[in-house]
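What follows is each chain in one-letter form.
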Amino acid sequence: MSAATPETAAGGLTEPAAVLTFLDPPPGLGHLDRFALTPIDGSGQLFTLRSVDSPETRLFLLDPEPFFPDYHPHLAAETLSRLGLGTGEQQPATVLVVVHPATEDHPHTANLLAPVVINPATATAVQTLLEGDDWPLRAPLNAA
């Protein structure tokens, strides 16, 4: 797993947005499977993921490392294989998590249970449910 930067998260491209193709549409997003991944700022930590075919559909993704330094999810071999990635320590996967914006009653949270796994070389992605790990669905997001 590597830290996300605009270059690695965007499939190695330097454009402000890269199009990711999800092997399966993300849960709850119907048939949508192509999304533009755009860094929000120069930090390489926060991104928007906007549907190419339905631009009003947008998610926020976050590099979990600065906010959850102990987050080291076990990615299933099947997930890595589907993305054409290896299973060793040097796997070139980029892992981002979906952020739920704050409301009046709840703080910003991150979904650590179902990360988005990206093969930066092919710009393919899956959102996977981690099995056997006890990560929260809505982990409070605290500034690092």
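These figures come from a predicted structure and were not determined experimentally.

J.: So what's going on with the overall build of the protein? Which residues, and what values?
T.: Within the protein, the regular secondary structure consists of 2 helices and 8 strands. Sequence-ordered secondary structure for the protein, helices as α and strands as β, is α-β-β-β-β-α-β-β-β-β. Taking all 144 residues of the protein together, 41% fall into the buried category. Residue pairs in contact within the protein that sit at least 24 positions apart in sequence constitute 51% of those at least 6 positions apart. Carbon together with sulfur atoms contributes 54% to the accessible area of the protein, which is approximately 7,600 Å² in total.

J.: I'd like a rundown of the nonpolar core, residues and numbers included.
T.: Judged by nonpolar contacts, the single largest core of 18 residues is most densely connected at Phe68, Tyr71, Leu75 and Leu112. Elements with a contribution of two residues or more to this core: strand 5 (94-100) and strand 6 (109-119).

J.: Got a sec to walk through the pairing of strand 3 (residues 46-51)? Specific residues and values, please.
T.: Side-chain direction in a regular strand flips from residue to residue, so the side chains alternate between the two faces of the sheet. Relative to strand 3, strand 2 (residues 34-39) runs antiparallel, the two sharing 5 bridges. Bridging from a neighbouring strand, Thr38 pairs with Thr48 of strand 3. In sequence, strand 2 turns back onto strand 3 through a hairpin of 6 residues, with Gly44 there showing a positive phi of about 70°. Relative to strand 4 (residues 58-62), strand 3 runs antiparallel, the two being bridged by 5 bridges. Each residue of the ladder has a partner; that of Leu46, found in strand 4, is Leu62. Where strand 3 folds back onto strand 4 in an antiparallel hairpin, the turn is made up of 6 residues.

J.: So what about the pattern of salt bridges? Which residues, and what values?
T.: When their charged atoms lie close together, side chains carrying opposite charge are able to pair. Tallied over the entire structure, the rule returns 2 salt bridges. Here Asp53 makes a salt bridge to Arg34, at a shortest N to O gap of 3.3 Å. Of this pair, Asp53 sits in the loop between strand 3 and strand 4 while Arg34 sits in strand 2, and the two are 19 residues apart along the sequence.

J.: Which residues make up the side chain of Thr109, and what values do they have?
T.: Relative to the helices and strands, Thr109 resides in strand 6. Residue Thr109 is classed as buried on the basis of its relative accessible area, which comes to 7%. Setting aside chain neighbours within four positions, we find Thr109 in contact with Val98, Val99, His100, Arg138, Ala139, Pro140 and Leu141.

J.: Could you give me a rundown of the pairing of strand 6, with the residues and numbers involved?
T.: For strand 6, a buried count of 10 out of 11 residues is recorded, marking the element as mostly surrounded by other parts of the structure. Relative to strand 6, strand 5 runs antiparallel, the two sharing 6 bridges. Paired with Leu96 across the strands is Val116, a residue of strand 6. Strand direction decides the pairing type here: strand 6 and strand 8 (residues 139-140), joined by 2 bridges, are antiparallel. From the neighbouring strand, Ala110 faces strand 8, where its bridge partner is Ala139.

J.: If you had to explain the confidence of the model for the protein to someone new, which residues and values would you point to?
T.: Residues with a pLDDT of 70 or more make up 83% of the protein, whose mean pLDDT is 85. In this model, residues 1-15 is a region of pLDDT below 50 whose contacts with residues beyond four sequence positions or in other chains number 42 contacts.

J.: Could you give an account of the environment of Leu130, with specific residues and numbers?
T.: For Leu130, the position within the fold is in the loop between strand 7 (124-127) and strand 8. Taking the C-alpha atoms as reference points, Leu130 and Leu113, separated by 17 residues in sequence, lie 5.7 Å from one another. Not counting residues within four places of it along the chain, the set of residues in contact with Leu130 comprises Tyr71, Pro73, His74, Leu75, Leu112, Leu113, Pro115 and Trp135.

What counts, and at which threshold
- Residues numbered from 1 in each chain as written.
- Predicted model: local features only at pLDDT ≥ 70, side-chain atom pairs only at ≥ 80, totals over all residues.
- Heavy atoms only, no water.
- Helix = DSSP H or I, 4+ residues; strand = E, 2+ residues; numbered from the N terminus.
- Buried < 20%, exposed > 50% of the residue type's maximum accessible area, 1.4 Å probe, protein only.
- Contact = heavy atoms within 4.5 Å.
- Areas by Shrake-Rupley, 256 points an atom, 1.4 Å probe, with all protein chains shown as cover.
- Core = buried A, V, L, I, M, F, W, Y, C linked by side-chain atoms within 4.5 Å.
- Pairing = 2+ DSSP bridges.
- Salt bridge = Lys/Arg side-chain N within 4 Å of Asp/Glu carboxyl O.
- pLDDT = per-residue confidence, 0-100.

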